[in-house]
Amino acid sequence: MKKNLFLLAILICLQSFSQEKDKKNVSLDALLSDTQFSSDNPEMLEFVWWLPREFWEVSYAQDPTSSEEEFKELNNIFGDYELFGVIRGNIGHFGGITYHTEEAILKELTVHYKGENLMVVPEDEISADFMNFFMIIQPMIGNMLGQMGNNIHFVLYKSIRGNEVLPVDPLGNGELTIKLGDFERTVDLPLNSLLLEKKCNEDGKLYSGKYIFCPIHGKKLVNQ
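Residues numbered from 1 in each chain as written. Predicted model: local features only at pLDDT ≥ 70, side-chain atom pairs only at ≥ 80, totals over all residues. Heavy atoms only, no water.

Caption draft 1: Up close: the sheet that holds strand β13 (residues 198–199). An order of β14-β13-β15 is seen for the 3 strands of this open sheet, with the pairing classed as antiparallel. For this open sheet the edge positions go to β14 (206–207) and β15 (222–223), each flanked by a neighbour on one side alone. By the bridge criterion, 2 bridges tie β13 to β15 in an arrangement that is antiparallel. Bridge pairing in β15 links K198 to N223. (Pairing = 2+ DSSP bridges. Helix = DSSP H or I, 4+ residues; strand = E, 2+ residues; numbered from the N terminus.)

Caption draft 2: Up close: the packing of helix α3 (residues 53–61) against helix α4 (residues 68–78). Packing of α3 against α4 brings their axes to within 10 Å, and their N-to-C directions diverge by 170 degrees. In terms of their interaxial angle, α3 and α4 are classed as roughly antiparallel. For the pair α3 and α4, contact is made by R53, W56, E57 and Y60 and by E70, F71, L74, N75 and F78, respectively. Grouping the constituent residues of the contact of α3 with α4 by class yields 5 nonpolar, 1 polar and 3 charged. (Axes fitted to C-alpha atoms, helices over the stretch in contact; angles between N-to-C directions. Parallel < 35°, antiparallel > 145°, perpendicular 65-115°, else oblique. Contact = heavy atoms within 4.5 Å. Nonpolar A, V, L, I, M, F, W, Y, C, P; charged D, E, K, R; others polar.)

Caption draft 3: The sheet that holds strand β5 (residues 109–113), seen in detail. Overall, antiparallel pairing links the 4 strands, which are arranged β6-β5-β11-β12 in an open sheet. One side of each edge strand has no neighbouring strand; the edge strands of this open sheet are β6 (116–117) and β12 (183–189). For β5 and strand β11 (residues 174–180), the ladder comprises 5 bridges, and the chain directions are antiparallel. From the neighbouring strand, V111 faces β11, where its bridge partner is I178.

Caption draft 4: Representation of the pattern of salt bridges within the structure. Tallying each qualifying case throughout the model produces 6 salt bridges. In this structure, the salt-bridge partner of E197 is K21, at a minimum N-O distance of 2.9 Å. Linking E197 in the loop between β12 and β13 with K21 in the loop between α1 (2–16) and α2 (28–35), this pair joins segments that are 176 residues apart in sequence. On the basis of relative accessibility, which here comes to 27%, the residue E197 falls in the partly exposed class. Take K21: its relative accessible area is 12%, and that puts it in the buried class. One salt-bridge network, in which partners are shared between bridges, spans E20, K23 and E57. (Salt bridge = Lys/Arg side-chain N within 4 Å of Asp/Glu carboxyl O. Buried < 20%, exposed > 50% of the residue type's maximum accessible area, 1.4 Å probe, protein only.)

Okay, structure coming up:
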């Protein structure tokens, strides 16, 4: 009897947890929405794009021309790094943008996770493979974002507490806080786009994997 109750308790706990969505089924648009942030300041262009490892994993999973070996190579060069793309500039009276340099941006940019500010990786510590990777994606981003993309600066971070490395987990709990000057955005983890939706047993509708209870009926949602 006690064993059955113990197993039932485990089952109830597991049902409250969120399930990860298969990378082939993740909406890339939804993932971009979860990881791209911009301010509404009419006098400033402030844009931050967090590119976690999962972004590349989803991209590779949905690209029929890519191979698992290519992703493994990319995964290796990322190591314990966190990659951010940042654009900042002053918007003039007639809409022209004066873009800030990387040096100026780094003075205004902080990324905070689990009680620690992430550390910027000095350029001389970045591997040659990673530098080549930047050279490859820069024109791609330029094509996507136009002139904005040509002025994006990629910043590598590494989060360390003592000798412990704390990689940011998009599927974990906690908050990632990004500050760029006066602009601040807090990301409530896990990322919704990476989670499998949960089902309401009352009407069968699917809701965000971050929800525990149905917002309509108030009953606990169940994993698919």
